[in-house]
Amino acid sequence: MKTILIIEDDAEINDMLRILLTQNGYRTVSAYSGTEGILAHSREISLILLDLMLPGRSGEDIIRELKEKHNVPVIVTSAIHDVNKKVDLFALGADDYITKPFHNEELLARIAARMR
């Protein structure tokens, strides 16, 4: 069973993602800040869902540190629609980017594609 690390500071969204992923056959680990996410990231993690707007540290720094620790796919979830921001995140190591609000089916399809 694949394990997904959810790094999302909004407790309701974090819970919704945890339930959705669990119902679809994934194990989850939840973190509510970038620092907590980096600490929770381990060899058992297969993919990371990373909210960009987290307290304390920039999403860019977090992506870089996560990739250095253990290089797994990172899907950024954010309400930011700016194309330049997306391009910058891909250059830093993000593997995918989905804007909020998103359809659950699309998120699941993107996760499945990255897990292949």
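Data block above holds the structure.
Because the structure is a prediction, the values reported are computed rather than measured. (Residues numbered from 1 in each chain as written. Predicted model: local features only at pLDDT ≥ 70, side-chain atom pairs only at ≥ 80, totals over all residues. Heavy atoms only, no water.)

Participant: How should I be thinking about the overall build of the protein chain in this particular structure?
Facilitator: Per the secondary structure count, the protein chain includes five helices and five strands. If you list the helices and strands of the protein chain from N to C, you get β-α-β-α-β-α-β-α-β-α. In summary, the protein chain has a C-alpha radius of gyration of 13 Å against a globular reference of 13 Å for 116 residues, a match within 12%. Projected onto its principal axes, the C-alpha positions of the protein chain cover 35 × 30 × 30 Å. A burial count over the protein chain gives 45% of its 116 residues as buried. Across the protein chain, every contact between residues at least 6 apart in sequence was considered, and the portion connecting residues at least 24 apart equals 62%. Here the protein chain has roughly 6,000 Å² of accessible surface; of this, 51% comes from carbon and sulfur atoms. In the protein chain, the 14 positive side-chain charges and the 18 negative ones have mean positions that sit 7 Å from each other. (Helix = DSSP H or I, 4+ residues; strand = E, 2+ residues; numbered from the N terminus. Rg over C-alpha atoms; globule rule 2.2 N^0.38 Å. Buried < 20%, exposed > 50% of the residue type's maximum accessible area, 1.4 Å probe, protein only. Contact = heavy atoms within 4.5 Å. Areas by Shrake-Rupley, 256 points an atom, 1.4 Å probe, with all protein chains shown as cover. Lys, Arg positive; Asp, Glu negative; His and termini not counted. Charge placed at Lys NZ, Arg CZ, Asp CG, Glu CD.)

Participant: Could you clarify how one ought to interpret the pairing of strand 5 (residues 96-99) in this entry?
Facilitator: Along a regular strand, successive side chains alternate from one face of the sheet to the other. Two elements, strand 4 (residues 74-78) and strand 5, share four bridges in a ladder whose sense is parallel. Residue pairing across strands places Thr-77 opposite Ile-98, the latter belonging to strand 5. Note on the crossover from strand 4 through helix 4 (residues 83-92) to strand 5: the handedness is right-handed. (Pairing = 2+ DSSP bridges. Right-handed = clockwise from strand over helix to strand, strands pointing away.)

Participant: Whenever I open this one, the nonpolar core confuses me. Can you help?
Facilitator: The nonpolar side chains of a soluble globular protein tend to be buried with one another. In terms of nonpolar packing, the biggest core is built from 18 residues, with Ile-7, Ile-48, Leu-50, Ile-63, Val-76 and Leu-89 touching the most fellow members. For this core, the secondary-structure elements that each account for two or more residues are strand 1 (3-7), strand 3 (45-51), helix 3 (59-69) and strand 4. Counting residues in hydrophobic clusters, the runner-up holds 15 residues, among them Ile-6, Leu-20, Ile-98 and Ile-111. (Core = buried A, V, L, I, M, F, W, Y, C linked by side-chain atoms within 4.5 Å.)

Participant: Help me understand the pairing of strand 1 in this model?
Facilitator: Of all the five residues making up strand 1, five are buried; the element is thus mostly covered by neighbouring parts of the structure. Here strand 1 shows no split at all, with Thr-3, Leu-5 and Ile-7 on one side and Ile-4 and Ile-6 on the other all buried. Summarising the sheet, strand 1 and strand 2 (residues 27-31) pair through five bridges and their orientation is parallel. Within strand 2, the position partnered with Leu-5 by the bridge is Val-29. For the handedness criterion, the β-α-β arrangement of strand 1, helix 1 (residues 11-23) and strand 2 is classed as right-handed. Here five bridges tie strand 1 to strand 3, and the two strands are oriented parallel to one another. Bridge pairing in strand 3 links Ile-7 to Leu-50.

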